[in-house]
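# Descriptive analysis of the structure
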Amino acid sequence: MVKNIGFIGCGNMGQAMIQGMIRSGSVSIDQIAATAITEETIDFVSGEIGIRISDDNKRLAAESDILFLAVKPYIYQGIIEEIKSELSENTIIVTIAPGINLETMRKYLGKHVKVIRSMPNTPSLVGEGMSVLCPNNLVTDEELNQVLELYESFGEAEVIKENLMDAVPAVSGSSPAFVYMFIEAMADTAVQQGFPRDKAYKMAAQAVSGAAKMILETGEHPGKLKDDVCTPGGVTIEGVTALEKHGLRRAIIEAMNATTERSEYLSDH
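To start, this report covers the structure provided alongside it. Note that the structure is a prediction, hence the values are computed from the model and not measured.

Cut-offs used in this document
- The residue count restarts for each chain, going from 1 along the sequence in the order it is written.
- Reporting of local features is limited, given that this is a predicted model, to residues whose pLDDT is at least 70; pairs of side-chain atoms are given and counted only at 80 or more, and all residues count toward the totals for whole chains, interfaces and linings.
- Where side-chain values are given, they derive from all heavy atoms of the structure, hydrogens and water being excluded.
- Axis lines are fitted to C-alpha atoms, over the contacting stretch for helices. Their N-to-C directions set the angle, which ranges from 0 to 180 degrees.
- Going along the chain from the N terminus, every DSSP run of H or I of four or more residues is numbered as a helix, and every run of E of two or more is numbered as a strand.
- In this scheme, roughly parallel covers angles under 35 degrees and roughly antiparallel covers those over 145, while 65 to 115 is roughly perpendicular and the rest are oblique.
- Whether a crossing is left-handed or right-handed is set by the direction in which the near helix is turned from the far one by less than a right angle, anticlockwise for left-handed and clockwise for right-handed.
- Contact criterion: two residues are considered in contact whenever any of their non-hydrogen atoms come within 4.5 Å of each other.
- Gly falls in the polar group here, along with every residue not listed as nonpolar (Ala, Val, Leu, Ile, Met, Phe, Trp, Tyr, Cys, Pro) or charged (Asp, Glu, Lys, Arg).
- One less than the residue count of a helix, multiplied by 1.5 Å, gives the span that helix is expected to have.
- Burial status follows relative accessibility: with a 1.4 Å probe on protein chains alone, a residue under 20% of its type maximum counts as buried, one over 50% as exposed, and anything between as partly exposed.
- Computed over the protein atoms alone on a 1 Å grid, cavities are sets of points where a 1.4 Å probe fits but cannot get out and pockets are open sets with protein on both sides within 12 Å along at least five of seven lines; a residue lines them when it has an atom within 4 Å of a point.
- Grid points are joined across faces, edges and corners, and a volume is the space filled by probe spheres set on the points.
- What makes two strands pair is DSSP finding at least two bridges between them.
- The working definition used for a salt bridge is a side-chain nitrogen of Lys or Arg within 4 Å of a carboxyl oxygen of Asp or Glu.
- Only residues above 30% relative accessible area that lack a salt bridge enter a patch, with like-charged residues linked at up to 9 Å and the nonpolar side chains Val, Leu, Ile, Met, Phe, Trp and Tyr linked at up to 5 Å.
- Note that accessible areas follow from Shrake-Rupley with a 1.4 Å probe, and for residues the cover is restricted to the protein chains shown.
- Positive residues here are Lys and Arg, negative ones are Asp and Glu, while His and the chain termini are left out of the count.
- Every charge is mapped onto a representative atom, which is NZ of Lys, CZ of Arg, CG of Asp or CD of Glu.
- Whenever a nitrogen or oxygen atom comes within 3.5 Å of another N or O atom, the pair is scored as a polar contact, on the condition that within protein one atom can donate a hydrogen and the other can accept it, and that pairs from neighbouring residues in sequence are kept only if both atoms are in side chains.
- Handedness of a crossover is defined as follows: orient the strands so they point away from the viewer, and if the path from the first strand over the helix to the second runs clockwise, the crossover is right-handed.

### Describing the packing of helix α4 (residues 76–83) against helix α5 (residues 102–109)
Where α4 meets α5, the closest approach of the two axes is 9 Å, and the angle between their N-to-C directions is 45 degrees. In terms of orientation, α4 lies oblique with respect to α5. Here α4 runs over α5; the crossing is right-handed. Judged by residue contacts, Y76, Q77 and I80 of α4 engage M105, Y108 and L109 from α5. Tallied by class, residues from the contact of α4 with α5 come to five nonpolar, one polar and no charged.

Below you can see the structure in the form of structure tokens.
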């Protein structure tokens, strides 16, 4: 049973995960505490979310059964140096930073500690997250399932092998940003054609959400679902042809490969 959950760092991703957990009812506000650097963040999180939050990383580490490190990758080493003396052998450390692998965590910690490497995404805030997890060999199946259940409280979650982790940002971690750009472009065009902006955003976003749900719920190949919309000689195939002409697929593939390459670089440095 999960007792105390801590978040070192409470920026956008940390807040999304915390609010997702609370909203789902899987944990109570009293079970979660966090730390932040700025008074602005501390005041906001305390007032808006209602959890306990301070700037005392050591105390939080000592009190947490599951400790999420929700800080930027370049801060990890300093944070771990600060808190590692406070960690017990039963503390479960959960990382959410790209490029921080299990071997890096072992070196930073300098001792045997339970670590789960993870990569969530910001739609966790609305209960539609997609997260992946990879545990080290000290994490028991029961402990992994506890953490998995937390992630599933704000979306979907999968356990994968670590050699696939550097590709995760491209396919689910960073990809919401790519989708937002697509929606923004669709909405801008609708505004150009006379739609009010609020309706343009709603229509474009709902179309993308509905298309994604079709894939998830029908299990059909995306290509088939695309073909189903393309009436011979109709308007959709004209748009598809224009997207192919201007290299939509190539642009997406290059964006995802660039994201993966950056993640691999961070893992090696």
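Right, picking up where we left off after that structure.
### Let's talk about helix α1 (residues 12–24)
The terminal C-alpha atoms of α1 lie 18 Å apart, and with 13 residues this matches the ideal 18 Å at 1.5 Å per residue to within 8%. Those residues of α1 that sit buried are M13, G14, Q15, A16, M17, I18, G20 and M21. Its buried side turned inward, α1 meets β1 (5–8), β2 (32–35), α2 (39–48), β4 (66–69) and α6 (141–152). Phi for G25, located one or two positions after α1, is positive at around 85 degrees.

### Topic: the layout of surface pockets
Empty space within the second largest pocket amounts to approximately 1000 Å³. In terms of lining residues, the second largest pocket is bounded by 37 residues, among which M13, A70, V71, K72 and P73 are the most central. When residues of the lining of the second largest pocket are traced back to their parent elements, those giving at least two are α1, α7 (168–173), α8 (175–192) and α12 (248–268). Here the element with the most residues in the lining of the second largest pocket is α12; it accounts for four residues.

### Quick look at empty space enclosed by the protein
Summed over all chains, the structure comprises one cavity of 30 Å³ or more. Taken as a whole, the largest cavity encloses approximately 30 Å³ of empty space. Counting residues per element, the lining of the largest cavity draws most heavily on strand β6 (residues 114–119), which supplies three residues.

### Examining the sheet that holds strand β3 (residues 52–54)
In spatial order, the strands read β3-β2-β1-β4-β5-β6-β7-β8; together these eight strands make up an open sheet with mixed pairing. Looking along the sheet, the strands with just one partner apiece sit at the ends: β3 and β8 (155–159). Each strand axis lies, on average, 20 degrees off the axis of its neighbour in the sheet, ignoring direction. Pairing geometry for β1 and β4, over four bridges, is parallel. Looking at the pairing, F7 lines up with F68 of β4. Where α6 meets the sheet, its contacts fall on β1, β4, β5 (92–95), β6, β7 (129–135) and β8, and the angle it forms with β8 comes to roughly 150 degrees.

### Looking at the pattern of salt bridges
Side chains carrying opposite charge are able to pair once their charged atoms draw close together. Here the structure, examined in full by the defined rule, presents twelve salt bridges. Linking K114 and E143 is a salt bridge whose minimum nitrogen-to-oxygen distance equals 3.2 Å. In this pair, K114 is assigned in strand β6 and E143 in helix α6, connecting sequence segments 29 residues apart. No difference in accessibility class separates K114 from E143, as the two residues are buried.

### Quick look at a negative patch on the surface
A grouping of E39, E40, D43, D55, D56, E82 and E86 is seen on the molecular surface, where their side chains present a negatively charged patch. With respect to the element layout, D43 can be found in helix α2.

### Let's talk about the side chain of E143
Here E143 falls in the buried class, since its relative accessible area comes to 14%. Of note is the side chain of E143, whose polar atom sits 2.9 Å from the backbone nitrogen of T140. Setting aside chain neighbours within four positions, we find E143 in contact with I92, K114 and L138.

### Quick notes on the pairing of β1
Of the two faces of β1, the one lined by I5 and F7 and the one lined by G6 and I8 are each fully buried. Bridge analysis of β1 against β2 gives four bridges, and the strand direction is parallel. Bridging across to β2, G6 finds its partner in A33. Handedness of the crossover joining β1 and β2 through α1: right-handed.

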